[in-house]
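# Structure assessment
Each chain is listed here by its residues.
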Amino acid sequence: AQTVTQSQPEMSVQEAETVTLSCTYDTSESNYYLFWYKQPPSRQMILVIRQEAYKQQNATENRFSVNFQKAAKSFSLKISDSQLGDTAMYFCAFISRGAGGTSYGKLTFGQGTILTVHP
Amino acid sequence: DAGVTQSPTHLIKTRGQQVTLRCSPISGHKSVSWYQQVLGQGPQFIFQYYEKEERGRGNFPDRFSARQFPNYSSELNVNALLLGDSALYLCASSLNTGVWETQYFGPGTRLLVL
């Protein structure tokens, strides 16, 4: 079974600084996808960034970038120039093709990291 | 374009009752997935439906059931409610069922079981 672990329950950062959120996962699959989702307080979850396991190049989306280390099964999120609006719970999530090539939309989430950006 | 919508936003039920939660996917999306998010934890997968058929089921008891309608909207039903069913229930839609498809989440229905 796949598992996703986020070892940092809470993180804080000053506005305009850089912060890195950690995520590790465990799988025997070779073809999978990784995501970071953001869930602001009392607001809906939105996709921040995604990474295809077959791509060696790390994904970037504006101020958000990932460090994908496939061999180490590590997928960290770096937020540059942190803004107050980045305050949220961040979830790392994993999805893979099932046995026999079947696939369905079962995202496996980590426990989440609460990020607080201070002015 | 409207995003994923869910109704109701909040719900209070008592143990033993039954509840129905509703979800409307993004226009053009044919797949709907349901997740349960207990306070302070990550979402747990319950079901995925595609073209009115169940395509995947998580580790939840048979008290949980769902269905998808011809317009791709979906309902999640929970029977014989337990206190532990108190959670935020999230619906997510995607174009199809491929694992590469991004899932877009709704605002959720917060269920409190007393």
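In this report, the structure presented in the accompanying data block is examined. Predicted, not measured: the structure shown is a model, and the values here were computed from it.

### Quick look at the overall build of chain A
Each helix and strand counted, chain A has 0 helices and 12 strands in total. Start at the N end of chain A and walk to the C end: the helices and strands fall as β-β-β-β-β-β-β-β-β-β-β-β. For chain A, whose C-alpha radius of gyration is 14 Å, the value lies close to the compact-globule estimate of 14 Å for 119 residues. Principal-axis analysis of the C-alpha atoms places the extent of chain A at approximately 50 × 30 × 20 Å. Across the 119 residues that make up chain A, the buried fraction comes to 46%.

### Quick word on the sheet that holds strand β1 (residues 5-7) of chain B
Residues and elements named next belong to chain B. The strand order β1-β3-β8-β7 describes an open sheet built from 4 strands, whose pairing is antiparallel. Two strands in the sheet have a free side with no partner beyond their single neighbour: β1 and β7 (64-68). Neighbour to neighbour, the strand axes of the sheet diverge by 20° on average, direction disregarded. Note that strand β3 (residues 19-24) and strand β8 (residues 74-78) share 5 bridges and pair antiparallel. Residue R22 lies in a different strand from β8, and its bridge partner there is E75.

### Digging into the interface of chain A and chain B
The interface of chain A with chain B comprises 20 residues on the first partner and 24 residues on the second. Buried surface at the junction of chain A and chain B, both sides included, amounts to about 1900 Å², of which 55% is carbon and sulfur. Across the contact surface, chain A and chain B share 0 salt bridges. The interface formed by chain A and chain B includes 5 residue pairs in polar contact (both at pLDDT 80 or more). The dominant element in the side of chain A that touches chain B, judged by the number of residues it contributes, is strand β5 (residues 32-39) of chain A, at 4 residues. Counted by class, the side of chain A that touches chain B contains 10 nonpolar, 7 polar and 3 charged residues.

### Looking at the nonpolar core
Counting residues in hydrophobic clusters, the biggest one holds 25 residues, and the most contacted among them are A:Y25, A:W36, A:F75, A:L77 and A:Y90. Per element, the largest residue contribution to this core is 4 residues, and it comes from strand β10 (residues 88-96) of chain A. Beyond its immediate chain neighbours, meaning those up to four positions away, A:F75 contacts A:C23, A:Y25, A:L34, A:F35, A:W36, A:Q51, A:V66, A:N67, A:F68 and A:C92. One finds B:V4, B:C23, B:I46 and B:A66 within the second-largest nonpolar core, a separate group that totals 22 residues.

### Digging into the layout of surface pockets
Where empty space is left becomes clear once a probe the size of a water molecule has been rolled over the atoms. Within this model, the largest pocket holds a volume of roughly 500 Å³. Taken together, 22 residues make up the lining of the largest pocket; nearest its centre are A:Q39, A:P40, A:S42, B:L88 and B:R110. Counting residues per element, the ones that place at least two in the lining of the largest pocket are β10 and β12 (113-118) of chain A. Take the lining of the largest pocket: its biggest share by element is 3 residues, from β10(A). Across the lining of the largest pocket, the residue classes tally to 11 nonpolar, 9 polar and 2 charged.

The rules behind each value
Per chain, residue numbering runs from 1 following the sequence as it is written. Chain A is the first chain written and ligand 1 is the first ligand written, with later ones labelled in order. Where local features are concerned, this predicted model is filtered to residues with pLDDT of at least 70; where side-chain atom pairs are given and counted, the filter is 80 or more; whole-chain, interface and lining totals use all residues. To get the side-chain values, all heavy atoms of the structure are used, and hydrogens and water are removed first. Per the convention used, a helix needs a DSSP run of H or I reaching at least four residues, while a strand needs a run of E reaching at least two, with both numbered from the N terminus. This radius of gyration counts C-alpha atoms alone. The globule rule is 2.2 Å times how many residues there are, raised to the power 0.38. When accessible area is computed with a 1.4 Å probe and restricted to protein chains, residues below 20% of their type maximum are described as buried, those above 50% as exposed, and intermediate ones as partly exposed. A strand pair is defined by DSSP finding two or more bridges across the two strands. Axes, fitted as lines to C-alpha atoms, cover a helix only where it is in contact. Angles between the N-to-C directions of the axes lie from 0 to 180 degrees. Contacts were defined at the residue level, with two residues in contact if any of their heavy atoms lie within 4.5 Å. Simply put, the buried area is the total loss of 1.4 Å probe accessible area from both parts when two parts are fitted together. When a carboxyl oxygen of Asp or Glu is within 4 Å of a side-chain nitrogen of Lys or Arg, the pair counts as a salt bridge. Definition of a polar contact: a pair of N or O atoms within 3.5 Å, with one able to donate and the other able to accept a hydrogen when the atoms are protein atoms, and with sequence-neighbouring residues admitted only if both atoms are side-chain atoms. Residue type decides the class: Asp, Glu, Lys and Arg count as charged, Ala, Val, Leu, Ile, Met, Phe, Trp, Tyr, Cys and Pro as nonpolar, and the leftover types, Gly among them, as polar. As used here, the term nonpolar core means buried Ala, Val, Leu, Ile, Met, Phe, Trp, Tyr and Cys residues forming a set that is joined through side-chain atoms within 4.5 Å. Both site types are read off a 1 Å grid over the protein atoms alone. A 1.4 Å probe that fits but cannot get out defines a cavity, while an open set with protein on both sides within 12 Å along at least five of seven lines defines a pocket; lining residues have an atom within 4 Å of a point. Grid points are joined across faces, edges and corners, and a volume is the space filled by probe spheres set on the points.

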